[in-house]
Amino acid sequence: MDRDDEQLMRRRVYGADHDHPGPHPDRPYAELVGGPLDGLLLDLTGWTRDDVGTGVALPTELGQFGAGGRAMYDPRPGDPAHFDWTGDTP
């Protein structure tokens, strides 16, 4: 395992079990950049290319709208390993 892989394995995954918050080495992830979920990894296991291209609205209590709100992230053009925050929605 190289240094980049070691750093990836220490990260937390959005929605993961608190007892096992880290990534699995055999799964694809995208890093969430900016906004309330900045730095978390999003598990892309089972996502199609079209799924990745549409972005996501992830439930979170940390955003502008609190409980019941969602943080919106879109894949970075040309770099689907990073999803950039585009705002919050109720």
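So, here's what we can say about the structure.

Rules and cut-offs
Residues numbered from 1 in each chain as written. Predicted model: local features only at pLDDT ≥ 70, side-chain atom pairs only at ≥ 80, totals over all residues. Heavy atoms only, no water. Helix = DSSP H or I, 4+ residues; strand = E, 2+ residues; numbered from the N terminus. Buried < 20%, exposed > 50% of the residue type's maximum accessible area, 1.4 Å probe, protein only. Areas by Shrake-Rupley, 256 points an atom, 1.4 Å probe, with all protein chains shown as cover. Pairing = 2+ DSSP bridges. Axes fitted to C-alpha atoms, helices over the stretch in contact; angles between N-to-C directions. Phe/Tyr/Trp six-rings, centres within 6.5 Å; stacked < 30°, edge-to-face > 60°. Core = buried A, V, L, I, M, F, W, Y, C linked by side-chain atoms within 4.5 Å. Contact = heavy atoms within 4.5 Å. Polar contact = N/O pair within 3.5 Å; in protein donor to acceptor, adjacent residues only side chain to side chain. Lys, Arg positive; Asp, Glu negative; His and termini not counted. Salt bridge = Lys/Arg side-chain N within 4 Å of Asp/Glu carboxyl O.

### A look at the overall build of the protein chain
Summing up its helical and strand segments, the protein chain has two helices and five strands in all. Listing the helices and strands of the protein chain from first to last along the sequence gives α-β-β-α-β-β-β. Looking at the protein chain as a whole, 26% of its 90 residues are labelled buried. Of the accessible surface of the protein chain, which amounts to about 5800 Å², a share of 50% is contributed by carbon and sulfur atoms.

### Regarding the sheet that holds strand β3 (residues 56-59)
Strands in a sheet are paired, the pairing made by backbone hydrogen bonds, and the direction either parallel or antiparallel. Ordered in space as β2-β1-β5-β4-β3, the five strands form an open sheet in which the pairing is mixed. Where the open sheet ends on each side, the last strands, each with one partner, are β2 (41-43) and β3. This sheet shows a mean twist of 35 degrees between the axes of neighbouring strands, independent of strand direction. In this sheet, strand β4 (residues 70-76) lies alongside β3 in antiparallel orientation, the contact comprising four bridges. Bridged to Ala 57 within β4 is Met 72.

### Overview of the packing of aromatic side chains
For the structure shown, the criterion picks out one aromatic pair. Taking the centre distance of 6.3 Å and the plane angle of 70 degrees together, the rings of Trp 47 and Phe 83 count as edge-to-face. Of the two residues, Trp 47 is situated in the loop between β2 and α2 (49-54) and Phe 83 in strand β5 (residues 79-89); the sequence distance between them amounts to 36 residues.

### Some words on the nonpolar core
With eleven residues, the main nonpolar core is built from Ala 30, Leu 32, Leu 37, Leu 42, Leu 44, Val 52, Val 56, Leu 58, Ala 71, Tyr 73 and Phe 83. Only β1 (29-33), β3 and β4 provide two or more residues apiece to this core. With residues near it in sequence (within four places) discarded, Ala 30 still touches Leu 40, Leu 41, Leu 42, Leu 44, Pro 80, Ala 81, His 82 and Phe 83.

### Quick word on the side chain of Thr 60
Along the polypeptide, Thr 60 turns up in the loop between β3 and β4. At a separation of 3.0 Å, a polar atom in the side chain of Thr 60 contacts the main-chain amide nitrogen of Leu 62. If we ignore the near neighbours within four places in the chain, the residues touching Thr 60 are Pro 36, Leu 37, Gly 66, Gly 69, Arg 70 and Ala 71.

### Digging into the side chain of Asp 88
Residue position: Asp 88 is located in strand β5. Here Asp 88 is buried and forms no salt bridge, its nearest opposite-charge partner Arg 70 lying at an N-O distance of 11 Å. A polar contact of 2.8 Å, which involves the side chain of Asp 88, links it to the backbone nitrogen of Gln 64. Side chain to side chain, Asp 88 and Trp 85 meet in a polar contact 3.1 Å long. When near neighbours in sequence (up to four residues on either side) are disregarded, Asp 88 contacts Pro 36, Gly 63, Gln 64, Phe 65, Arg 70, Ala 71 and Met 72.

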